Amino acid sequence: MSLARVKNLIELFNDGDYEDEIKPYFNDIITFFKFINKYNRLDDLDLRSIPPDDFSNELFDYLVENGIMDNLDYNSVPEEFQNNYLLHGLEYNYENTVKYITSNILGDVEIRPDGFYLYLGNDRDELADFFCGYSRRDASPQDVAKQVFSEDGLGHDWYFDVDTKPSDVIDDLNEKNTINLKDAIFKEIGNVELSLEDYSSDFFESLSEEQGTEGYFKIQAEDLNELIKDSDAINELCENDLSELGQELKNIYWNAYNSAYENEIYKLVYDGLNEYFEGKIDEVPKETTKSDGKKVTTYLNYIKIRDFVGNITLFLELNKGQSYSDSYLDHFGRYTTLMKQLIYDQDYECIDFTTPDYPDWSTTQKYINEMFDDYI
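Residues numbered from 1 in each chain as written. Predicted model: local features only at pLDDT ≥ 70, side-chain atom pairs only at ≥ 80, totals over all residues. Heavy atoms only, no water.

Visitor: Account for the nonpolar core, naming residues and giving values.
Guide: By size, the foremost hydrophobic cluster in this structure holds 74 residues, and its most contacted members are Phe32, Phe33, Leu63, Leu127, Phe130, Phe277 and Phe308. Ranked by residue count, the leading element in this core is helix H3 (residues 29-38), at six residues. In this structure, Leu207, Ala233, Tyr257 and Ala260 belong to the second largest nonpolar core, which totals 34 residues. (Core = buried A, V, L, I, M, F, W, Y, C linked by side-chain atoms within 4.5 Å. Buried < 20%, exposed > 50% of the residue type's maximum accessible area, 1.4 Å probe, protein only. Helix = DSSP H or I, 4+ residues; strand = E, 2+ residues; numbered from the N terminus.)

So this is what it looks like as structure tokens:
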């Protein structure tokens, strides 16, 4: 065949006439490409003229083997080959490929010496997209995560209206706080005459008899140990002459209980992130100057991605040769949006957890003792 005929075939192909003018004379497009390659004219073929039905992984591999892809950049590669192109780059030109992806395709990923970081901006709300959206209860893991990552946090909707008595708090005090409580009680009502008419507990009746004080009693230092052990007596006292102290003990319990529950929810959410991320959220300060000249510091949030390359590689492998708009990384533009789709397609599992009905009691007890000095 003359070079003129070869040139004519190339022109026909580049003009989009492969189906009518060329295909009838060759078994398939790879055979045609091999024929053109015999004349070292493969570079002259416009790959954008490959008919949609003729794109294949085999054809891409052939082009790679013959060095054609070495002369092309991402934007000059036909869409149907873009995923193959990136996969090939990750294998043979890793550093430049990941740099291109993070700089030009997925704009919310930053490369650092120790790995890839997701840029979250001024808030963390988008992290909720990694959590399961279905609900077995009133709120799904995604709903809970959205609140945790919001500026307001969980909010009062999650607080328990805890009904408790002062004795419930006293039973869980450590030795130091027990001593401080007795001191507070004695400072308030120690050696003060208290009327029996206001009390029905046997403890106070017995105390009055022992003291020989008909109609009233006094709380003396030696009575404090037994007093705080008698739940009926201390609760009754906290409803009357120690009402302020009793309310503070209830406040301690309420805050400790709800803080312990909130702590568990936060732990569930942030521990769940370990599935896709590493370490804590990195807050980077950024100073800006307002129109009035005042400087304001805001914090930009980043978090290290556990397997960024593995995530995008899976997507590229699943979509090799596809021609749908959502088959390309460009369609998503952001790592979070890409992962949301992969999770939706069940290529990855969403982060799941079950919210507890109540907090761990040891944590509540710990908070009771930590908060005690703030109230008593």
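Visitor: Go over the pattern of salt bridges with me, naming the residues and quoting the values.
Guide: Enumeration according to the criterion identifies 16 salt bridges in this entry. Residue arginine 41 is joined to aspartate 44 by a salt bridge in which the shortest nitrogen-to-oxygen separation is 2.3 Å. On the basis of relative accessibility, which here comes to 25%, the residue arginine 41 falls in the partly exposed class. One salt bridge connects aspartate 282 with arginine 112, and the closest N-O pair in it is separated by 2.9 Å. In this pair, aspartate 282 is assigned in strand E5 (residues 277-289) and arginine 112 in strand E1 (residues 109-112), connecting sequence segments 170 residues apart. (Salt bridge = Lys/Arg side-chain N within 4 Å of Asp/Glu carboxyl O.)

Visitor: Describe the state of the cysteines, with residues and values.
Guide: Per the stated rule, a full pass over the model turns up one disulfide. Across the disulfide, cysteine 132 is cross-linked to cysteine 350 (sulfur-sulfur distance 1.9 Å). Because the sign of the S-S torsion sets the handedness, a value of about 90 degrees for the bond joining cysteine 132 and cysteine 350 places this disulfide among the right-handed ones. You can see cysteine 132 sitting in the loop between strand E2 (115-121) and helix H7 (141-149) and its partner cysteine 350 sitting in the loop between helix H16 (335-344) and helix H17 (361-375), a full 218 residues away along the chain. (Disulfide = S-S within 2.5 Å.)

Visitor: Let's hear about helix H9 (residues 175-189): which residues, and what values?
Guide: A rise of 1.5 Å per residue sets the reference length of H9, with its 15 residues, at 21 Å; its end C-alpha atoms lie 21 Å apart and thus fit the reference within 8%. Where H9 is concerned, the buried positions are Asn177, Thr178, Leu181, Lys182, Ile185 and Ile189. Burial along H9 is one-sided: seen end-on, the buried residues are contained in an arc of 140 degrees. Asparagine 191 lies just past H9 and shows a positive phi near 60 degrees. (Expected span 1.5 Å × (residues − 1). Arc of directions from axis to C-beta.)

Visitor: Requested: an account of the packing of aromatic side chains, with residues and values cited.
Guide: Counted under the stated rule, the structure contains 32 aromatic pairs. Arranged with centres 6.0 Å apart and planes meeting at 80 degrees, the rings of phenylalanine 13 and tyrosine 18 form a pair that is edge-to-face. Since its relative accessible area comes to 0%, phenylalanine 13 is described here as buried. For tyrosine 18, a relative accessible area of 1% translates into the label buried. Here the aromatic rings of phenylalanine 32 and phenylalanine 33 are separated by 6.0 Å at their centres, their planes lie at 65 degrees, and the arrangement is edge-to-face. Overall, phenylalanine 32 belongs to the buried group, its relative accessible area being 0%. For phenylalanine 33, a relative accessible area of 0% translates into the label buried. Among the aromatic residues, those joined into a ring-pair cluster are Phe13, Tyr18, Phe26, Phe32, Phe33, Phe35 and Tyr39. Over the aromatic face of tyrosine 117 sits the side chain of arginine 112, whose NZ or CZ is 4.0 Å from the ring centroid. Sitting over the face of the ring of tyrosine 302, arginine 112 holds its NZ or CZ atom 4.8 Å from the ring centroid. (Phe/Tyr/Trp six-rings, centres within 6.5 Å; stacked < 30°, edge-to-face > 60°. Lys NZ or Arg CZ within 6 Å of the ring centre and 35° of its normal.)

Visitor: Any details on the packing of helix H4 (residues 57-65) against helix H5 (residues 79-92)? Residues and values, ideally.
Guide: Two numbers describe how H4 lies on H5: the axes approach to 10 Å, and their chain directions differ by 50 degrees. It follows from the interaxial angle that H4 and H5 lie oblique. The way H4 lies across H5 gives a crossing that is right-handed. Here H4 contributes Asn57, Leu59, Phe60, Leu63 and Val64 to the contact with H5, which in turn contributes Phe81, Asn84, Tyr85 and His88. (Axes fitted to C-alpha atoms, helices over the stretch in contact; angles between N-to-C directions. Parallel < 35°, antiparallel > 145°, perpendicular 65-115°, else oblique. Left-handed = near helix turned anticlockwise from the far one by under 90°. Contact = heavy atoms within 4.5 Å.)

Visitor: Can you explain the pairing of E5? Please cite residues and give values.
Guide: The pairing of E5 with strand E6 (residues 295-305) spans ten bridges and is antiparallel. Bridging across to E6, proline 285 finds its partner in tyrosine 299. The loop that links E5 with its antiparallel partner E6 comprises five residues; one of these, glycine 293, has a positive phi angle of about 95 degrees. (Pairing = 2+ DSSP bridges.)

Visitor: Outline the sheet that holds E1, listing residues and values.
Guide: In space, the four strands of this open sheet follow the order E1-E2-E6-E5, with antiparallel pairing throughout. The open sheet terminates on both sides in strands that have one partner only, identified here as E1 and E5. For this sheet, the mean inter-axis angle between neighbouring strands, taken without regard to orientation, is 35 degrees. Note: E2 against E6, four bridges, orientation antiparallel. Paired with leucine 118 across the two strands is isoleucine 303, which belongs to E6. Sheet strands touched by helix H6 (residues 94-105): E1 and E2. Its angle to E1, the strand with the most contacts, is close to 145 degrees.

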